[in-house]
Amino acid sequence: MRHLLGLEDLSAADITRLLDSAEVYHGVGVSKPKRDDLKGKLVVTMFFEASTRTKISFGLAVRRLGGDVQDFSSGGSSTSKGETFLDTARNIEAMGIDAVVVRHGSSGAPLALTRSLQPRVSIINAGDGAHEHPTQGLLDIFTIRQKKKTVAGLTVALVGDIAHSRVARSNIHGLTKLGAKVIVCGPPTLVPNEVKQFDVEVAHDLDAILHRCDVVNLLRVQFERQRGAFFPSVGEYAHLYGMNGKRLKASKPDVLILAPGPINRGVEITPDVADGPNSAILEQVENGLAVRMAVLAETICSRAGTR
Amino acid sequence: MRHLLGLEDLSAADITRLLDSAEVYHGVGVSKPKRDDLKGKLVVTMFFEASTRTKISFGLAVRRLGGDVQDFSSGGSSTSKGETFLDTARNIEAMGIDAVVVRHGSSGAPLALTRSLQPRVSIINAGDGAHEHPTQGLLDIFTIRQKKKTVAGLTVALVGDIAHSRVARSNIHGLTKLGAKVIVCGPPTLVPNEVKQFDVEVAHDLDAILHRCDVVNLLRVQFERQRGAFFPSVGEYAHLYGMNGKRLKASKPDVLILAPGPINRGVEITPDVADGPNSAILEQVENGLAVRMAVLAETICSRAGTR
Amino acid sequence: MRHLLGLEDLSAADITRLLDSAEVYHGVGVSKPKRDDLKGKLVVTMFFEASTRTKISFGLAVRRLGGDVQDFSSGGSSTSKGETFLDTARNIEAMGIDAVVVRHGSSGAPLALTRSLQPRVSIINAGDGAHEHPTQGLLDIFTIRQKKKTVAGLTVALVGDIAHSRVARSNIHGLTKLGAKVIVCGPPTLVPNEVKQFDVEVAHDLDAILHRCDVVNLLRVQFERQRGAFFPSVGEYAHLYGMNGKRLKASKPDVLILAPGPINRGVEITPDVADGPNSAILEQVENGLAVRMAVLAETICSRAGTR
């Protein structure tokens, strides 16, 4: 595995291997000593969309494995001088780097990099348009496996904006490959027709499916993207699709609540649920480090000797 | 001492211990070798207000003690996606960190962090609203002690915008605890009534007090905060409260001139005074590193074994 | 050599020594191990104009020589609070640093720093107004020497906006000192009268000189600077001065095509030429690292023992 573009491209065995590896990396640099898997390696983070937590998570993962990280932030950069995305990337590459962690508003931008840069540079997708966000998918699945001991046979609901969510797509691919049943649930305007091509159940009434769910993953309402009116109002969204104390009572007692964050308290989730015992929101963040270390080590170090 | 929220909370002995410690750290990484007090520790700087020098000062202090630093800049971050301040902090914490150095426009934001984050994470206030800026207070007092050999018994004037100045408050608390006499001096609009609760003398005429002062600390006129008209004009402010060559001549010959900076030349201080022999403005910057190293080491390392 | 302000100040021997040194540093941290020339040294990058690639290039150069780098970005900084450029620099200096890499919109800003900061701090010009960009000039010349084995006796055309180009000026000084013949070629509005003081040939018709050129260096059309109408249209500029397949055929078969980038594809250069065998655009980026390592090592380490 030289690159990580999406979970759609991986086999169940690939995903399981990464999850097993992430268990070994869990706690490195915190409860376990730093490692030197990436000693002498330089990873560039190229984020063309706002993100702090994902960029910091990748950056810490690199440093806890002994590598160097260089952030390329597009603000005040060459791209504002008319340079193309690929020229910028080729220029960064020419400085001698080992991997690019890229977030871009256009689906397929990471794939384009694998075709334009030299094969010795690993490309890791940190979110591309509405396509995939594979490390988020992996950390969600890692958290499910950690809490439920298995993934196969579980029923997992993805709730909210399925249409615009790269997180949803990565979850769908990863979970179904590992044998989970996936229900996508949201207002008809936010559940696209294309989703029917995947092996998922489509629902529009959250209350009707809750009792069957082992895991509920609450996708973020992306206010900053939705200028159009995909749902009548925030209040109505919360009323129909928000997880709250009453809905939690109607769920299985050990239902696992996930949210990729940043969360909108009172919209997709109420504070009592977000901070309650069924929520694993902060474990997700912690697990994100472990999963990203596993991905970085596998993609970069599997090429040992190629350079 | 697990956190540093303000000098108001510290005893005279605490402050003296930090100043003594700062003397040991003075010059580390420049004229003395780097140290490894913070080896394996990760400090996050979270600045929700513009600041470069304070952030860089803390960052260099961490690195010169062998620690890692990760900046969390609020621009382009999760907070723009609607996440609350405390959720952002909890997320950063979940990545496995040892301390947060926080600057925030709201008084009490660092205190809120100590209540929301796990006890093993040290919180260091780098300026919160008009409340306190304790490391600035410490470096001012360190510089006074360095130049005057003592603090007790000195008369120190704080000149300018007392009402909006967290630097003034930290100085008032620290200096009075160490036995200095503090005079606050500024236009009536900028000297609040609440200041009378402290053990300070209030003055409005700088020329009337100058001959009694051992130290004059010229607070910055914060043009970027004062849309309202707290004084008639910049020229009038400089005329009444600016330190210039004439006023320097009317002062004690060995008067010590401080300014927390960034300075507005020609407003609170004229260039001849800023660059003259009585000024310790650049020593303040150098001492800031020493004081911050002392604070970081004490807050983070005093918990050795808690993790 | 304590500072690097411009190639105008250097002798041919100085330039040759830096180029020879850059050959030793070429590939350090990529195909050769990291070095520790700058161990314990702190370099600050102060960029007051947008730049990503140059800043990253300097930053990586410092780290590959074992030094520490601290970026001072002017956005959200003290300068927005009314502090002068020199006060900001003096404050950064007081934190204990070894070198400043500075980019500034005003010609002469780096020179001003050498007069204001202590002599033990090296100043390296990363581009000042329309004055010089010496490391860009050095990397262009390094690339020419690498490809052509020599510089003396070559004919080098600098094409485009000579008037506003600090890259042009650094190339003119460096190339003529090393014995190359320089032709400056561009529309009369972009070729200033002052250029006649240098030992260069002035041309306005690219097609008339192409057959004589061993090297063609295509300066970037700086759309972000040229609000005024220095040429009728982008299309006309490309028609008259852009390098394309047809012009390449009219050139010497082994003509070397350079462009300092970021390039505007279809304006100063067409994609087939930019990505073709005569182009050394990406080697320029790689060589930039080597040249910057040589400059950093020479300016900072030549003062060993002064501190």
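Residues numbered from 1 in each chain as written. Chains lettered and ligands numbered in written order. Predicted model: local features only at pLDDT ≥ 70, side-chain atom pairs only at ≥ 80, totals over all residues. Heavy atoms only, no water.

**Notes on the interface of chain C and chain B**
Reasoning step 1: Contacts between the two partners involve 22 residues from chain C and, on the opposite side, 23 residues from chain B.
Reasoning step 2: Taken together, chain C and chain B are joined by 2 salt bridges.
Reasoning step 3: Connecting chain C to chain B are 7 residue pairs in polar contact (both at pLDDT 80 or more).
Reasoning step 4: The element that contributes the greatest number of residues to the side of chain C that touches chain B is strand β2 (residues 68–73) of chain C, accounting for 6 residues. (Contact = heavy atoms within 4.5 Å. Salt bridge = Lys/Arg side-chain N within 4 Å of Asp/Glu carboxyl O. Polar contact = N/O pair within 3.5 Å; in protein donor to acceptor, adjacent residues only side chain to side chain. Helix = DSSP H or I, 4+ residues; strand = E, 2+ residues; numbered from the N terminus.)

**Re the relation of the copies chain B and chain A**
Reasoning step 1: Mapping chain B onto chain A calls for a screw motion: a turn of 120 degrees about the axis and a shift of 0.0 Å along it, with 0.0 Å RMSD after fitting. Interpreted geometrically, this transformation is the action of a three-fold axis. (Least-squares fit on C-alpha atoms with pLDDT ≥ 70 in both.)

**Some words on the interface of chain B and chain A**
Accessible area lost on assembly of the parts is the figure often given for the size of an interface.
Reasoning step 1: Opposite the 22 residues of chain B that make contact, chain A presents 23 residues.
Reasoning step 2: For the pair chain B and chain A, the summed buried area comes to about 2,000 Å², and 51% of that belongs to carbon and sulfur atoms.
Reasoning step 3: Connecting chain B to chain A are 2 salt bridges.
Reasoning step 4: In this structure, lysine 34 of chain A engages aspartate 68 of chain B in a salt bridge whose closest nitrogen and oxygen atoms are separated by 2.7 Å.
Reasoning step 5: The tally of links between chain B and chain A comes to 7 residue pairs in polar contact (both at pLDDT 80 or more).
Reasoning step 6: Among the elements of the structure, β2 (68–73) and α3 (85–94) of chain B are those that each provide at least two residues to the side of chain B that touches chain A.
Reasoning step 7: Examining the composition of the side of chain B that touches chain A, we find that 6 residues originate from one element, β2 of chain B, more than from any other.
Reasoning step 8: Looking at the side of chain B that touches chain A residue by residue, the class counts come to 6 nonpolar, 9 polar and 7 charged. (Buried area = accessible area lost by both parts, 1.4 Å probe. Nonpolar A, V, L, I, M, F, W, Y, C, P; charged D, E, K, R; others polar.)

**Examining the sheet that holds strand β1 (residues 42–47) of chain B**
Residues and elements named next belong to chain B.
Reasoning step 1: On the basis of which strands lie adjacent, the open sheet formed by 4 strands has the order β2-β1-β3-β4 and parallel pairing. Every other strand in the sheet has two partners, leaving β2 and β4 (122–128) as the edge strands with one partner each. Here the average twist between neighbouring strands, direction ignored, is 15 degrees.
Reasoning step 2: The sheet contact formed by strand β3 (residues 99–104) and β4 spans 5 bridges and is parallel. Across the sheet, the residue bridging to valine 101 is isoleucine 124, located in β4.
Reasoning step 3: Sheet contacts for helix α11 (residues 281–301): β1, β3 and β4; angle to β4, the most-contacted strand, approximately 145 degrees. (Pairing = 2+ DSSP bridges. Axes fitted to C-alpha atoms, helices over the stretch in contact; angles between N-to-C directions.)

**Remarks on the pattern of salt bridges**
Reasoning step 1: The full count for this structure, using the stated rule, is 54 salt bridges over all chains.
Reasoning step 2: Glutamate 201 of chain C is the partner of lysine 181 of chain C in a salt bridge, and the nearest nitrogen-oxygen pair spans 3.0 Å. Here glutamate 201 of chain C lies in strand β7 (residues 200–203) and lysine 181 of chain C lies in strand β6 (residues 181–185), a separation of 20 residues in the sequence.
Reasoning step 3: Taken together, the shared-partner salt bridges in this structure form one network comprising Asp87 and Arg90 of chain A together with Arg265 and Asp275 of chain C.

**A few points about the environment of aspartate 98 of chain B**
Residues and elements named next belong to chain B.
Reasoning step 1: Tracing the backbone through its elements, the reader meets aspartate 98 in the loop between α3 and β3.
Reasoning step 2: For aspartate 98, a relative accessible area of 3% corresponds to the buried category.
Reasoning step 3: As for aspartate 98 and serine 122, which are separated by 24 residues in sequence, their C-alpha atoms are 6.3 Å apart. (Buried < 20%, exposed > 50% of the residue type's maximum accessible area, 1.4 Å probe, protein only.)

**Some thoughts on the layout of surface pockets**
Reasoning step 1: Space inside the second largest pocket adds up to approximately 750 Å³.
Reasoning step 2: For the second largest pocket, the lining is made up of 46 residues, of which Arg53, Ala259, Pro260, Gly261 and Pro262 of chain A are closest to its centre.
Reasoning step 3: Sorting the residues of the lining of the second largest pocket by element identifies α2 (53–64), α5 (134–148), α6 (166–177) and α11 (281–301) of chain A together with α3 of chain B as the ones contributing at least two each.
Reasoning step 4: The element best represented in the lining of the second largest pocket is α11 of chain A, accounting for 7 residues.
Reasoning step 5: Considered class by class, the residues forming the lining of the second largest pocket number 14 nonpolar, 16 polar and 16 charged. (1 Å grid on protein atoms, 1.4 Å probe; cavity = no way out; pocket = protein on both sides within 12 Å on 5 of 7 lines; lining within 4 Å. Points joined across faces, edges and corners; volume = space filled by probe spheres on them.)

**A word on the pairing of β1 of chain B**
All names here are of chain B.
Reasoning step 1: Counting buried positions along β1 gives 6 out of 6 residues, so the element sits mostly inside the fold.
Reasoning step 2: Burial of β1 is two-sided: the residues Leu42, Val44 and Met46 facing one way and the residues Val43, Thr45 and Phe47 facing the other way are all buried.
Reasoning step 3: Two elements, β1 and β2, share 6 bridges in a ladder whose sense is parallel. Paired with leucine 42 across the bridge in β2 is aspartate 68.
Reasoning step 4: Taken together, β1, helix α2 (residues 53–64) and β2 constitute a β-α-β crossover, and its handedness is right-handed. (Right-handed = clockwise from strand over helix to strand, strands pointing away.)

**As for the packing of helix α2 (residues 53–64) of chain C against helix α11 (residues 281–301) of chain C**
Residue and element names in this part refer to chain C.
Reasoning step 1: At a minimum axis distance of 9 Å, the contact between α2 and α11 shows a crossing angle of 55 degrees. Of the possible angle classes, the one that applies to α2 and α11 is oblique. For the crossing formed where α2 meets α11, the hand is right-handed. Contacts from Arg53, Thr54, Ser57, Phe58, Leu60, Ala61, Val62 and Arg64 of α2 reach α11 at Val285, Gly288, Leu289, Arg292, Met293 and Leu296.
Reasoning step 2: Across the contact of α2 with α11, the residue classes tally to 8 nonpolar, 3 polar and 3 charged. (Parallel < 35°, antiparallel > 145°, perpendicular 65-115°, else oblique. Left-handed = near helix turned anticlockwise from the far one by under 90°.)

**Overview of empty space enclosed by the protein**
Reasoning step 1: Scanning all chains against the criterion turns up 3 cavities of 30 Å³ or more.
Reasoning step 2: Approximately 90 Å³ is the volume found for the largest cavity.
Reasoning step 3: If you trace the largest cavity, you find 12 residues lining it, with Leu42 and Asp68 of chain A together with Gly29, Lys34 and Arg64 of chain C closest to the centre.
Reasoning step 4: Each residue belonging to the lining of the largest cavity can be placed in one class, and the counts come to 2 nonpolar, 3 polar and 7 charged.

**With respect to the domain arrangement of chain A**
Residue and element names in this part refer to chain A.
Reasoning step 1: Domain parsing of chain A yields domain 1 (7–132 + 288–301) and domain 2 (134–285).
Reasoning step 2: Summarising the inter-unit geometry, the C-alpha centres of domain 1 and domain 2 are found 25 Å apart.
Reasoning step 3: Together, Leu7, Leu19 and Glu132 form the three largest contributors to the area buried by domain 1 at its contact with domain 2, with a combined 26%.
Reasoning step 4: The partner of glutamate 49 in a salt bridge is arginine 166, with the nearest N and O atoms 3.1 Å apart.
Reasoning step 5: Across the domain 1-domain 2 interface, the total number found is 11 residue pairs in polar contact (both at pLDDT 80 or more). (Domains from an automatic or database assignment.)

**A word on the packing of aromatic side chains**
Residue and element names in this part refer to chain A.
Reasoning step 1: Taken as a whole and judged by the stated rule, the model has 9 aromatic pairs over all chains.
Reasoning step 2: Geometrically, the ring pair formed by phenylalanine 48 and phenylalanine 85 is edge-to-face, given 5.2 Å between the ring centres and 85 degrees between the ring planes. With phenylalanine 48 in the loop between β1 (42–47) and α2 and phenylalanine 85 in helix α3 (residues 85–94), the pair connects residues that are 37 residues apart, well separated along the chain.
Reasoning step 3: Positioned above the aromatic ring of phenylalanine 58 is the side chain of arginine 292, whose terminal nitrogen or guanidinium carbon lies 4.9 Å from the ring centre. (Phe/Tyr/Trp six-rings, centres within 6.5 Å; stacked < 30°, edge-to-face > 60°. Lys NZ or Arg CZ within 6 Å of the ring centre and 35° of its normal.)

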